[in-house]
Amino acid sequence: DAEITQSPRHKITETGRQVTLACHQTWNHNNMFWYRQDLGHGLRLIHYSYGVQDTNKGEVSDGYSVSRSNTEDLPLTLESAASSQTSVYFCASSDSQLYGYTFGSGTRLTVV
Amino acid sequence: DQQVKQNSPSLSVQEGRISILNCDYTNSMFDYFLWYKKYPAEGPTFLISISSIKDKNEDGRFTVFLNKSAKHLSLHIVPSQPGDSAVYFCAASTYSGNTPLVFGKGTRLSVIA
């Protein structure tokens, strides 16, 4: 069965470290997205990609970067982790807006 | 500036009764709306959608109503069941422009047995 997986599920890191969160989908979807979920803010868009070599900034992109070298993966990198980046991160993919997005199970990141 | 607003952080409903979750939007370019359901420690899952050419879409116990003039949509769940207890997110996009979904802050629904 096709799926979208995120790893790790939980991570604790120190302020200033570089961290990469993985997202891998086997749906063969062109579109991939990263959101963060925080209390009081809902889901906010960080970065997104509509295909290989395409990346775009979202609402809260500062301090984050992504790269898209193949269809299946969109890793999210925190260049220098900050406590404000403690959050739950969700990756999603889609082929068409018509059917919405398929989300991964999330990565809970704690920056200490 | 919040483009999609869910003004009720939480809602409690008795089992068997109707649950009504509300959502307002400010961007008049939005023409496609979706509801997602999220359980703890899981990713959101797609529930139901509606395009701006309709004012109602029904799927089993779930119905979404769209009032374009008021920029308001609502999700009705009838009858409510304990398994419906979750956080519900409203989302919007410009379908024709294929812009990413913009989400509201979510409403936590508790269905009491």
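An account of the accompanying structure is given in this report. Residue numbers run consecutively from 1 along every chain, following the written order of its sequence. In the order they appear in the text, chains get letters beginning with A and ligands get numbers beginning with 1. In keeping with the model being predicted, local features are shown solely for residues with a pLDDT of at least 70 and side-chain atom pairs are shown and tallied solely at 80 or more, while totals for entire chains, interfaces and linings include all residues. Hydrogens and water molecules were not included; the side-chain quantities draw on all heavy atoms of the structure.

### Observations regarding the overall build of chain B
Secondary structure elements follow DSSP: runs of H or I no shorter than four residues count as helices, runs of E no shorter than two count as strands, and numbering proceeds from the N terminus. Helix and strand content of chain B: zero helices and 11 strands. Element order for chain B, N to C, with α for helix and β for strand: β-β-β-β-β-β-β-β-β-β-β. A compact globule built from 113 residues would reach a C-alpha radius of gyration of about 13 Å, and chain B, at 13 Å, matches this within 12%. Considered along the principal axes of its C-alpha atoms, chain B spans approximately 40 × 30 × 20 Å. Pairs of residues are marked as contacts when any of their non-hydrogen atoms sit within 4.5 Å. Partitioning the intrachain contacts of chain B with sequence separation of at least 6 by distance along the chain shows that 54% fall at a separation of at least 24. Values of accessible area rely on a 1.4 Å probe in the Shrake-Rupley scheme; residue burial ignores everything except the protein chains shown. Of the roughly 5,400 Å² that chain B leaves accessible, carbon and sulfur atoms contribute 49%. We compute the radius of gyration from the C-alpha atoms alone; for a globule the expected value is 2.2 Å times N to the 0.38, where N is the number of residues.

### Observations concerning the sheet that holds strand 3 (residues 19-25) of chain B
Residue and element names in this part refer to chain B. With antiparallel pairing, five strands are arranged side by side in an open sheet as 1-3-8-7-6. Unpaired on one side and paired on the other, strand 1 (4-5) and strand 6 (56-59) mark the two borders of the sheet. In the sheet, strand 1 pairs with strand 3 via two bridges, with the strands oriented antiparallel. The partner of K5 across the bridge, within strand 3, is D24. Pairing between strands is defined by DSSP: at least two bridges between the two strands are required.

### Re the side chain of A:T77
All names here are of chain A. Considering the arrangement of structural elements, one finds T77 in strand 8 (residues 76-78). Among the residues examined, T77 registers a relative accessible area of 16% and is labelled buried. For the purposes of these results, a polar contact is taken to be a pair of N or O atoms within 3.5 Å, where, inside protein, one atom must be able to donate a hydrogen and its partner to accept one; residues adjacent in sequence count only when each atom of the pair is a side-chain atom. Here T20 takes part through its side chain, which lies 3.1 Å from a polar atom of the side chain of T77. Working definition: with a 1.4 Å probe on protein chains only, accessible area under 20% of the residue-type maximum means buried, over 50% means exposed, and in between means partly exposed.

### What to know about the interface of chain B and chain A
Across the contact, 20 residues belong to chain B and 22 residues belong to chain A. The term buried area denotes the loss of accessible surface (1.4 Å probe radius) that occurs when two parts are joined, taken as the sum for both partners. For the pairing of chain B and chain A, the buried interface totals around 1,700 Å² over both sides, and the portion due to carbon and sulfur atoms is 58%. The three residues of chain B that bury the most area against chain A are B:N98, B:P100 and B:F103, which together make up 30% of that side's buried surface. Here a salt bridge means any side-chain nitrogen of Lys or Arg lying within 4 Å of a carboxyl oxygen belonging to Asp or Glu. Here chain B is connected to chain A by zero salt bridges. Where chain B touches chain A, the interface holds five residue pairs in polar contact (both at pLDDT 80 or more). By residue number, the principal contributor to the side of chain B that touches chain A is strand 4 (residues 32-38) of chain B, which donates four residues.

### A short note on a nonpolar patch on the surface
Residues enter patches when their relative accessible area tops 30% and they take part in no salt bridge; the joining distance is 9 Å for like charges and 5 Å for the nonpolar side chains Val, Leu, Ile, Met, Phe, Trp and Tyr. Judged by side-chain polarity, B:I18, B:I20 and B:V78 come together as a nonpolar surface patch covering roughly 230 Å² of accessible area. Mapped onto the elements of the fold, B:I18 is located in the loop between strand 2 (10-14) and strand 3.

### A look at the state of the cysteines
In protein structure, a disulfide is the covalent linkage between the sulfur atoms of two cysteines. By disulfide we mean two sulfur atoms from cysteines, separated by a distance within 2.5 Å. The final tally for this structure, using the stated rule, is two disulfides over all chains. Sulfur-sulfur distance for the disulfide between A:C23 and A:C91 comes to 1.8 Å. Taking the torsion about the S-S bond as the criterion, the A:C23 to A:C91 disulfide, at about -70°, is left-handed. Note that A:C23 is positioned in strand 3 (residues 19-25) and A:C91 in strand 9 (residues 87-94), a separation of 68 residues in sequence. This pair shows no difference in class: A:C23 is buried, exactly as A:C91 is. Across the disulfide, B:C23 is cross-linked to B:C90 (sulfur-sulfur distance 2.0 Å). An S-S torsion of about -75° defines the bridge between B:C23 and B:C90 as left-handed. With B:C23 in strand 3 and B:C90 in strand 9 (residues 86-93), the pair connects residues that are 67 residues apart, well separated along the chain.

### Re the side chain of A:S49
Residue and element names in this part refer to chain A. Turning to its location among the elements, S49 is positioned in strand 5 (residues 42-51). Of note is the side chain of S49, whose polar atom sits 2.9 Å from the backbone oxygen of G51. In contact with S49, other than residues within four places in its own chain, are N30, N31, M32, D54, T55, N56, R68 and L74.

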